[in-house]
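# Architecture at a glance
Here are the chains, one letter per residue:
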Amino acid sequence: MSEVVSYEILSGDKGGIAVISIDNPPVNAAGHAVRKGLMEAAARFNEDAAASVAVIVGKGRTFIAGADIREFGKPIMHPVLYEVVNAIEAVDKPVVCAIHGTALGGGLETALSCHYRVALKSAKVGLPEVHLGLLPGAGGTQRLPRLIGVEAATDIIVSGRHVSAPEALKLGIVDALDDGDDPRQAGIDFANRVMNENMPVRRTSEMEDKIASARGNKALFDGIMASVEKKARGQISPIKCVEAIKAATELPFDEGMKFERDAFIELLGTEQRDALIHAFFSDREVGKVPELATGAPRPLDRAAVIGGGTMGSGITCAMLYSGLPVTMIERDEESAAKGRANVEKILDDGLKRGKIDQAKRDRLANELYSVSADIADIAEADIVIEAAFENMDVKKELFERIDKHAKPGAVLASNTSYLNIDEIAAMTGRPQDVLGLHFFSPAHVMKLLEVVVGAKTLPDVTATGFALAKKLRKTAVRAGVCDGFIGNRILERYLTQAAYMIEEGASPYEIDKAVVNFGYPMGPHQMGDLAGLDIGYANRKRLRDSGWNGRYAHEHMDRIAELGRFGQKTGRGVYIYDQGSRSGREDPEVLEIIDRVREEKGIEPKTFTEEEIMRRYFAAMVNEGARIVEEGIALRPLDVDIAMLYGYGFPRWRGGPMKQADIIGLDKILADIREFEENDPEFWRPAKLLVDLVERGENFDSLNKKAA
Ligand code: T1G
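In this text, all values refer to a predicted model and were calculated from it rather than measured experimentally. (Residues numbered from 1 in each chain as written. Predicted model: local features only at pLDDT ≥ 70, side-chain atom pairs only at ≥ 80, totals over all residues. Heavy atoms only, no water.)

## Examining the sheet that holds strand 9 (residues 176-178)
- Read from one edge of the open sheet, six strands run 1-2-3-4-6-9, paired in mixed fashion. Strands with a single pairing partner mark the edges of an open sheet, and in this sheet they are strand 1 (5-12) and strand 9. Between one strand axis and the next, the sheet turns through 25° on average, direction left out of account.
- Two strands pair when backbone bridges link them, and strand 6 (residues 116-120) and strand 9 are joined in this way by three bridges, in the parallel orientation. If you follow Ala-119 over to strand 9, its bridge partner there is Leu-177.
- Contacts from helix 7 (residues 183-196) reach strand 1, strand 2 (15-22), strand 3 (53-58), strand 4 (95-99), strand 6 and strand 9, with the element oriented near 160° to strand 3. (Pairing = 2+ DSSP bridges. Helix = DSSP H or I, 4+ residues; strand = E, 2+ residues; numbered from the N terminus. Axes fitted to C-alpha atoms, helices over the stretch in contact; angles between N-to-C directions. Contact = heavy atoms within 4.5 Å.)

Written out as structure tokens, the structure is:
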């Protein structure tokens, strides 16, 4: 046998049991050696008179967690997985699959080709290929509908979600659950049951009754396709998944497998697959920062949050949900009561959404959470997170007090979204223990956490920031100190470019439409109406009051805000929100305001195509991202990608701005920037890194690979 697939015969109740074990750490990915080994094992079992039943099981932490993603984009090596799973199913004696850990993608497809499936109660199964820009390519779209029906199979294949073992049992994906924690024993016990009950070979590919009702049901598939297309927002793989499932109801199994295979090969060659796999590996690479190699995280058993407003209460709940006790500090009893009310409102919403049950809600609110008006109550906290008003003087004064009351060795963090962490740290006698932890609102929901490393921040303090992110199930991105760190600094650039385009002739509605068609869930003006236009107005006012006098193109937004139109919360902003509606409609008065501003500036408006809007909007994003990497504010281009994917709605199937720029071609991006630079040299000075990469014929991903 191969070194990753072993074959052993045990004596069972009524005959020999062939135990076929896969040992390919860390996740038993179905790489070529595993596929070859399984193919050989299936053939050997078929011929082995000493064995009546076979068990396929994974060693280590999980059953097969899928095809080996690292093989994609490389020459295909036979046997490919669909050949292996068909060979397993074709065996003339019963094959049992024992599932533990996460049987995902090709792992579940391997299980589906077995004749019976037993799972440990803690196991999970799923077909997440859609998240990689693919579809199940080893029979999943053909076997799963036959096993559990079209609707249930479509939900699992198109969502890519993990299914718990109990739900898998209920759906019919697995035949039994095992109470133990040893998948090998679970498999052997089920194999004995197969022999004792004379259970026959049972091939999923031969099951037709579950798909019969869907066969030729145009209305069913039209309905499914319509809802999938709406949610896909330009991603191709969900559409292909539905087409393959439909083919399972229309074609004989072998032809359905060919349909799936053709679709799989087509998707394998797409830019979306390249981008989504980039995102998958970047999710893991982004957490590999130098500080983690040099400093173990400090203890994280108790936390304190200064401030009970929107951010403070969101951060508090994110930590409560992770099981971390939190003491919230407010300036007086009245504010403390408001802080508690904010926290309980979030917990009650979690209860309503089924995230927690009543008992957990009460435990979090009454045992893990406390609120106080006395800052001395932070004394036991391992980490203190300041989430007070976004004003440097307020933060400086607070950090002087935090420094007096926090215990030695406590990590002191500010949630500031752009202020200078080094200035804040200097207010304490322990700048080495200070860093920025920039949460995104709502903090108990948004996955991104920018870990802002100050000049004096110690490695173990940075490591603690990453450890907190992991505990809160957030994605941490390391950022250096600058105005806006990574995400907000890029956001400011493309919002400014949007304002310039409006000044020159575009409408906010054209810009939003272009951005949504690019794949964003909403455009910048829809986002602004959702967050509240008063926030941006206040920030711009502070900037101008500080004497800033660059090109200013936000007058139209100022005038909308000065009319008290702050967006959804006032029923009107850039859009009008009719009673109860969250999707606004265009406001002719906004266009009149914009026309007046142009007249005052003597600007003759020009028309914009959607393509030009996105070229400028996207080039602004990439140019600033390149500067951020060049300055070392972000460690690698992939850190910029992850920040924009998780914090700003950048479409994941484009991989992030830097990956998308690689896909388009950095030479084309630079040519765009040179073209725009002729009209606005100040804004469009090309980032030196971008120029250098183009000159060297390299791209952003080459920097990611150098950093690995
Ligand atoms: N291939 C290669 N490497 C993989 C891998 C995979 N499928 N899954 C994980 N790894 C690596 C990962 O990069 C990391 O490496 C280490 O394993 C631990 O992973 C034909 C075509 C299984 C839930 O999409 O969801 O099957 O950073 O840090 O948090 O139809 O990994 O240590 O060097 O994520 O415990 C479908 C992807 C593939 C599953 C474990 N399967 N993996 O999570 O550990 S396509 C997937 C996961 C397919 C077929 C199609 C998770 C996990 P390193 P980790 P974890």
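Text resumes after the structure shown.
## Structural notes on helix 31 (residues 700-707)
- Listing the buried residues of helix 31 in full gives Phe-700, Asp-701, Ser-702, Leu-703 and Asn-704.
- Among the structural elements, helix 12 (271-285), helix 26 (610-630), helix 27 (637-647), helix 28 (657-664), helix 29 (666-677) and helix 30 (688-696) are those in contact with the buried residues of helix 31.
- At the N-terminal end of helix 31, a side-chain oxygen is found 3.1 Å from the backbone nitrogen of Asp-701, two or three residues along, and the residue is Asn-699. (Buried < 20%, exposed > 50% of the residue type's maximum accessible area, 1.4 Å probe, protein only. Polar contact = N/O pair within 3.5 Å; in protein donor to acceptor, adjacent residues only side chain to side chain.)

## Focus on the site of the ligand
- Near the ligand there are 27 residues, and of these Arg-61, Ala-67, Glu-109, Glu-129 and Arg-284 occur at the shortest range.
- Taking Ile-69, its main chain carries an N or O atom lying 2.9 Å from a nitrogen atom of the ligand.
- In the environment of the ligand, an oxygen atom lies 2.9 Å from a nitrogen or oxygen atom belonging to the side chain of Lys-288.
- For the ligand, whose unbound accessible area comes to 1000 Å², protein coverage reaches 77%.
- Of all the elements, helix 12 adds the most residues to the shell around the ligand, at three residues.
- A breakdown of the residues in the shell around the ligand according to their chemical character gives 15 nonpolar, five polar and seven charged. (Near = heavy atom within 4 Å. Areas by Shrake-Rupley, 256 points an atom, 1.4 Å probe, with all protein chains shown as cover. Nonpolar A, V, L, I, M, F, W, Y, C, P; charged D, E, K, R; others polar.)

## Quick look at the pairing of strand 17 (residues 475-479)
- Where burial is concerned, most of strand 17 is hidden: five out of the five residues are buried.
- Burial of the side chains of strand 17 extends over both faces: Thr-475, Val-477 and Ala-479 are buried on one face and Ala-476 and Arg-478 on the other.
- Both strand 16 (residues 448-452) and strand 17 contribute to a ladder of five bridges, which runs parallel. Note on strand 17: the bridge partner recorded for Val-451 is Arg-478.
- Since strand 16 and strand 17 lie parallel, the crossover through helix 19 (residues 459-471) that links them has a hand, and here it is right-handed. (Right-handed = clockwise from strand over helix to strand, strands pointing away.)

## Quick notes on a negative patch on the surface
- On the surface, Asp-13, Asp-181, Asp-182 and Asp-189 cluster together into a negatively charged patch.
- Among the structural elements, Asp-189 can be located in helix 7. (Patch = residues over 30% accessible without salt bridge, like charges linked within 9 Å, V, L, I, M, F, W, Y side chains within 5 Å. Salt bridge = Lys/Arg side-chain N within 4 Å of Asp/Glu carboxyl O. Lys, Arg positive; Asp, Glu negative; His and termini not counted. Charge placed at Lys NZ, Arg CZ, Asp CG, Glu CD.)

## Some details on the pattern of salt bridges
- Under the counting rule described, the total for this entry stands at 68 salt bridges.
- Note that Glu-334 is salt-bridged to Lys-338, the shortest N-O span being 3.6 Å. One end of the pair, Glu-334, and the other, Lys-338, are both in helix 15 (residues 333-352), four residues apart, so they sit about a helical turn from each other. Residue Glu-334 shares its accessibility class with Lys-338, and that shared class is exposed.
- Residues Glu-397 and Arg-401 are paired through a salt bridge, measuring 3.7 Å at the closest nitrogen-oxygen approach. Of the two residues, Glu-397 and Arg-401 are both situated in helix 17 (residues 392-405); the distance of four residues between them amounts to about one turn of the helix.
- Arg-401 sits in the partly exposed class, given a relative accessible area of 35%.
- Each of Glu-503, Glu-504, Arg-551, Glu-555, Lys-601, Arg-616 and Asp-680 takes part in one network of salt bridges that share partners.

## Comments concerning the side chain of Asn-28
- With respect to the helices and strands, Asn-28 occurs in the loop between strand 2 and helix 1 (32-47).
- A polar contact is formed between the side chain of Asn-28 and the backbone oxygen of Lys-59, at a distance of 2.8 Å.
- Those residues in contact with Asn-28 that sit more than four places away from it in its chain are Ile-22, Asp-23, Gly-58, Lys-59, Thr-62, Phe-63, Ile-64, Ala-65 and Gly-66.

## Overview of the UniProt feature "domain: 3-hydroxyacyl-CoA dehydrogenase NAD binding" (unreviewed entry) in the protein chain
- The UniProt feature table records "domain: 3-hydroxyacyl-CoA dehydrogenase NAD binding" (unreviewed entry) at residues 303-479.
- Here residues 303-479 runs as 42% helix and 20% strand, with 22 Å between its end C-alpha atoms. (UniProt positions renumbered as here; feature names shortened; annotations may be inferred.)

## A closer look at the nonpolar core
- Of all hydrophobic cores here, the largest spans 92 residues; its most connected members are Ile-378, Val-384, Ile-402, Ile-486, Val-640, Leu-690 and Phe-700.
- Broken down by element, this core gets its largest block of residues, 11 residues, from helix 26.
- Val-34, Ile-88, Val-125 and Ile-277 belong to the second largest nonpolar core, which has 73 residues in total. (Core = buried A, V, L, I, M, F, W, Y, C linked by side-chain atoms within 4.5 Å.)

## So, the confidence of the model for the protein chain
- The predicted model of the protein chain has a mean per-residue pLDDT of 95, with 100% of residues at 70 or higher.
- Predicted complex metrics record ipTM = 0.97 and pTM = 0.93. (pLDDT = per-residue confidence, 0-100.)

## Quick notes on the UniProt feature "domain: 3-hydroxyacyl-CoA dehydrogenase C-terminal" (unreviewed entry) in the protein chain
- Following the UniProt record, one finds the feature "domain: 3-hydroxyacyl-CoA dehydrogenase C-terminal" (unreviewed entry) at residues 484-577 and 614-698.
- Taken end to end, residues 484-577 is 62% helix and 2% strand, and its two terminal C-alpha atoms sit 31 Å from one another.
- Within residues 614-698, the helical portion is 67% and the strand portion 0%, while the C-alpha atoms at the span's ends are 24 Å from each other.

## Overview of the environment of Asn-192
- Here Asn-192 is to be found in helix 7.
- Separated by 180 residues in the primary sequence, Asn-192 and Gly-12 place their C-alpha atoms 6.0 Å from one another.
- Excluding anything up to four places from it in sequence, Asn-192 contacts Gly-12, Asp-13 and Ile-17.
- Engagement of the side chain of Asn-192 in a polar contact is seen with the backbone nitrogen of Asp-13, the distance being 2.7 Å.

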